[in-house]
Amino acid sequence: MKMPGVSLLDTIHDPAALRTLPVSALESVAADLRAELVRTVSASGGHLAAGLGTVELSVALHYVFDTPRDALVWDVGHQCYPHKVLTGRRDELRTIRQRGGLSGFLRRDESPYDAVGAGHSSTSISSALGIAVANARQGHDRRAVAIIGDGALTAGLAFEALQHAGSMDVDLLVVLNDNGMSISPNVGSLSEYLGRLTIAQHAGRTQDDADPADGSAGPATPGQWFEDLGLRYTGPCDGHDVTALVATLQQLRDQRGPRLLHVVTRKGRGYAPAEADPIKYHGVTPFDPERGIVAAARPAPTYTDAFGQWLCEAAERDPRLVAITPAMREGSGLVRFAESFPERCFDVGIAEQHSVSFAAGLAAQGLHPVVAIYSTFLQRAYDQVVHDVALQGLPVLFAVDRAGVVGPDGATHNGAYDLSFMRCVPGMVVMTPSSGAELRDMLHTGLLCGRPAAVRYPRAPVGDPGATRAPEAIPLGTAEVKRRGRGVVFLVFGALLETVTGVAERLDATVVNMRFVKPLDERLVREMALRHELVVTVEENALAGGAGSAVNECLHHRGLSVSILNLGLPDRHLEHGTRGECLADAGLDAETIHEAVAARLSGLLSDFDVASVRSARRGAARLGGRAAAFVGEVLAR
Ligand SMILES: Cc1ncc(C[n+]2csc(CCOP(=O)(O)OP(=O)(O)O)c2C)c(N)n1
């Protein structure tokens, strides 16, 4: 019975409360939950369309399974907002992806209901299988459920897990949430196969009707492919019929062995604008839910935009250029390229490893492949970079987006390691642009250099995209002195150049735009070290093994002993927030950089880390606004 003004959802503070309701109440819970999602996420921003599609599934799963004893392992986590609401995080949902607020994905330290943390895709089946095996070995009568989207199923990792699970006598349920979408429409033959299963079911086809001569016929037995892999298949069923879902899940809960439930859902379900354009509503910034998202007044151009523009121009000039994206067409700035050169644009699905080896094959036959990939997802394809590209000496250009801190997506998505893991690979060229014009020059350089090359850039506005002049090749391994000062030299790798230049002006320091992490401009590094008292390296990458380490190694190998301060991402996982908040957290804001240098010069700080800078700040309060004068004094000694 529903009281006016009181939603059923108000009574659900945890899944146990949900489980006290009759099944007949669940539809109403789902309706409240959906309205709550639209209301909250339209105000906070975040992932919307995927969560709208999993409302009924979330309700049914928590209703049927004894969470958190039974483990629900959601893949990626971008669709888990309904799960967050049902598991006691409703009031905090408005803080999602903000500093100090809920994570936009799943985190073990956020809730006992987040059985496994996530953010990257296609891990759920492996993790749930591990949980199932551990349950069995320890005699725990608990269930393990992986919930994976059809997009996430395109990754090799998901196949590895399926074929492992299918060979085992293990209590694992995989729920395949099939909405035909990844972020963009899903791609590949598996996606087509799933589509045929659904069409066949709607057409009421059976094994007997299937006509092998008819190319459009549904598969002979529904889900045969999964059955052949060893998973008992159920489906396809309507993922928005919560009553039927509960009944099916109850049956499956009481079975044993590896099994797969195929549910069909609609991304954006129940909010018309999101149903009509699920790509636009995949991830949103705040908007008016009555009007839907209206086009913003021209947003400031980003590095991603500058890359997208360069790519189109380069493709006009070079007919051998092809571009590859592992399921990130929109995020990587490839939309215009895909429209203009459809036959030269390959969306390979969420298949980072494949994207790199595929590019290697293209390069081996003389094409000029550009792999547009996020730094954090390139981590997946490291061996392919080393073994399939670099070792073969193949000229593949990596456009590495989201390098450095990514802001609201947080720890799972920070591009913190690419400089460390690429600069140790023989033969690689690794570049760090500091402006739109430089990004274009570097991409051009990378395309021409005949070697594996990477240009890495952040998720940030680019200022001037630099598109007014044709790009020019930069001689490999050459840095550029931007400002001449005294005492302190900043060796800057990438987009923090502008911030650092502001600091350098206050300190009258020298600034070098290093441009290349590899090959490093060793001659200039040496010269700068000889001419200055303190060398400060600045990068948006983990300090461990990053560009600063390259400078340290260079100076050490040359037997130069000079005072060095390495500024970069600290040895911890950075929390989500705005880009500015994340940079400040890492000590890479202008004020902290300034204080770190001043404190170092004053002898108050030996090693750089933010905590020491901040405690030194108290001791060095006297430096305050007079830091520049103080630094001058120290240098004059
Ligand atoms: C390894 C990896 N690559 C790419 C992404 C970016 N990504 C997040 S969600 C998503 C689409 C997932 O599609 P699907 O699993 O079908 O879920 P849906 O959004 O359709 O509900 C992608 C590509 C990611 N999180 N992890």
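How do you make sense of the sheet that holds strand β17 (residues 516-518) when you look at a structure like this?
Reading across from one edge, β9-β8-β10-β11-β13-β12-β17 is the order of the seven strands in this open sheet, with mixed pairing throughout. Two strands close off the open sheet at either side, each with one partner strand: β9 (345-347) and β17. Going across the sheet, the axis of each strand differs from the next one's by a mean of 20 degrees, ignoring polarity. Bridge count for strand β8 (residues 321-325) against strand β10 (residues 368-374) is four bridges, and the pairing is parallel. Residue Leu-321 lies in a different strand from β10, and its bridge partner there is His-368. Taken strand by strand, helix α14 (residues 352-364) contacts β8 and β10, and its axis lies near 165 degrees from that of β10.

Teacher, can you tell me more about the domain arrangement of the protein here?
A common way to state how big an interface is: give the accessible area lost once the parts meet. When its domains are assigned, the protein resolves into domain 1 (8-270), domain 2 (303-456) and domain 3 (484-636). Here the C-alpha centroids of domain 1 and domain 2 sit 32 Å apart. Counting from both sides, the interface comprises 18 residues of domain 1 and, opposite them, 15 residues of domain 2. Within the side of domain 1 that touches domain 2, the residues separate by chemical class into five nonpolar, twelve polar and one charged.

Where do I start with the environment of Arg-456 in this structure?
Mapped onto the secondary structure, Arg-456 falls in strand β13 (residues 453-456). The buried category is assigned to Arg-456, around which 30 C-beta atoms lie within 10 Å. Residues Arg-456 and Gly-349, 107 residues apart in the sequence, show an inter-C-alpha distance of 22 Å. Ignoring any residue separated from it by four or fewer positions in sequence, one finds Arg-456 in contact with Ser-375, Val-400, Ala-403, Asp-418, Leu-419 and Thr-432.

Looking at this model, I keep getting lost on the site of the ligand. Mind explaining?
Taken together, 20 residues form the shell around the ligand, and within it Ala-50, Ser-121, Gly-149, Gly-151 and Ala-152 come nearest. Residues that form the shell around the ligand fall into these classes: eight nonpolar, nine polar and three charged. For the shell around the ligand, the domains that each give at least three residues are domain 1 (8-270) and domain 2 (303-456).

It is not clear to me how the environment of Leu-153 should be interpreted in this structure. Could you clarify?
With respect to the helices and strands, the residue Leu-153 is situated in the loop between β3 (144-149) and α7 (156-165). Assessed through the 28 C-beta atoms surrounding it within 10 Å, Leu-153 is described here as buried. Considering only alpha carbons, one finds Leu-153 and Ser-191, 38 residues apart in sequence, at a separation of 8.9 Å. Among all residues touching Leu-153, those that are not within four sequence positions of it are Ile-148, Ala-158, Leu-176 and Leu-190.

Quick question: what am I supposed to make of the pairing of strand β5 (residues 232-238) here?
Two faces belong to every sheet, and in a regular strand the side chains alternate between them. By the bridge criterion, five bridges tie β5 to strand β6 (residues 259-264) in an arrangement that is parallel. Bridge pairing links Asp-238 to Val-264 in β6. Regarding topology, helix α10 (residues 242-253) serves as the crossover connection from β5 to the parallel β6, and that connection is right-handed.

Explain the nonpolar core to me, please; I cannot follow it from the model alone.
Generally speaking, nonpolar side chains in soluble globular proteins are found buried as a group. One finds Val-73, Ala-128, Val-145, Phe-490 and Val-492 to be the most contacted residues of the largest nonpolar core, which totals 185 residues. Discounting residues that sit within four places of it in the chain, Val-492 has contacts with Leu-497, Val-500, Val-511, Val-512, Asn-513, Met-514 and Val-538.

Looking at this structure, how should I read the sheet that holds β5?
By definition, the strands of a sheet pair up through backbone hydrogen bonds, in either a parallel or an antiparallel sense. If you walk across this open sheet you meet the five strands as β2-β3-β4-β6-β5, and the pairing is parallel. Each having just a single partner strand, β2 (71-74) and β5 make up the two edges of the open sheet. Neighbour-to-neighbour, the strand axes of this sheet turn through a mean angle of 20 degrees, independent of strand direction. In terms of strand pairing, β3 meets strand β4 (residues 172-178) through six bridges, oriented parallel. When the sheet's bridge partners are listed, Ile-147 is paired in β4 with Val-175. With respect to the sheet, helix α6 (residues 124-137) is in contact with β2, β3 and β4, its orientation differing from that of β3 by roughly 175 degrees.

Cut-offs applied
Residues numbered from 1 in each chain as written. Predicted model: local features only at pLDDT ≥ 70, side-chain atom pairs only at ≥ 80, totals over all residues. Pairing = 2+ DSSP bridges. Helix = DSSP H or I, 4+ residues; strand = E, 2+ residues; numbered from the N terminus. Axes fitted to C-alpha atoms, helices over the stretch in contact; angles between N-to-C directions. Contact = placed C-beta atoms within 7 Å. Domains from an automatic or database assignment. Nonpolar A, V, L, I, M, F, W, Y, C, P; charged D, E, K, R; others polar. Buried ≥ 20, exposed ≤ 12 C-beta atoms within 10 Å, placed from the backbone. Near = placed C-beta within 6 Å. Right-handed = clockwise from strand over helix to strand, strands pointing away. Core = buried A, V, L, I, M, F, W, Y, C linked by C-beta atoms within 7 Å.

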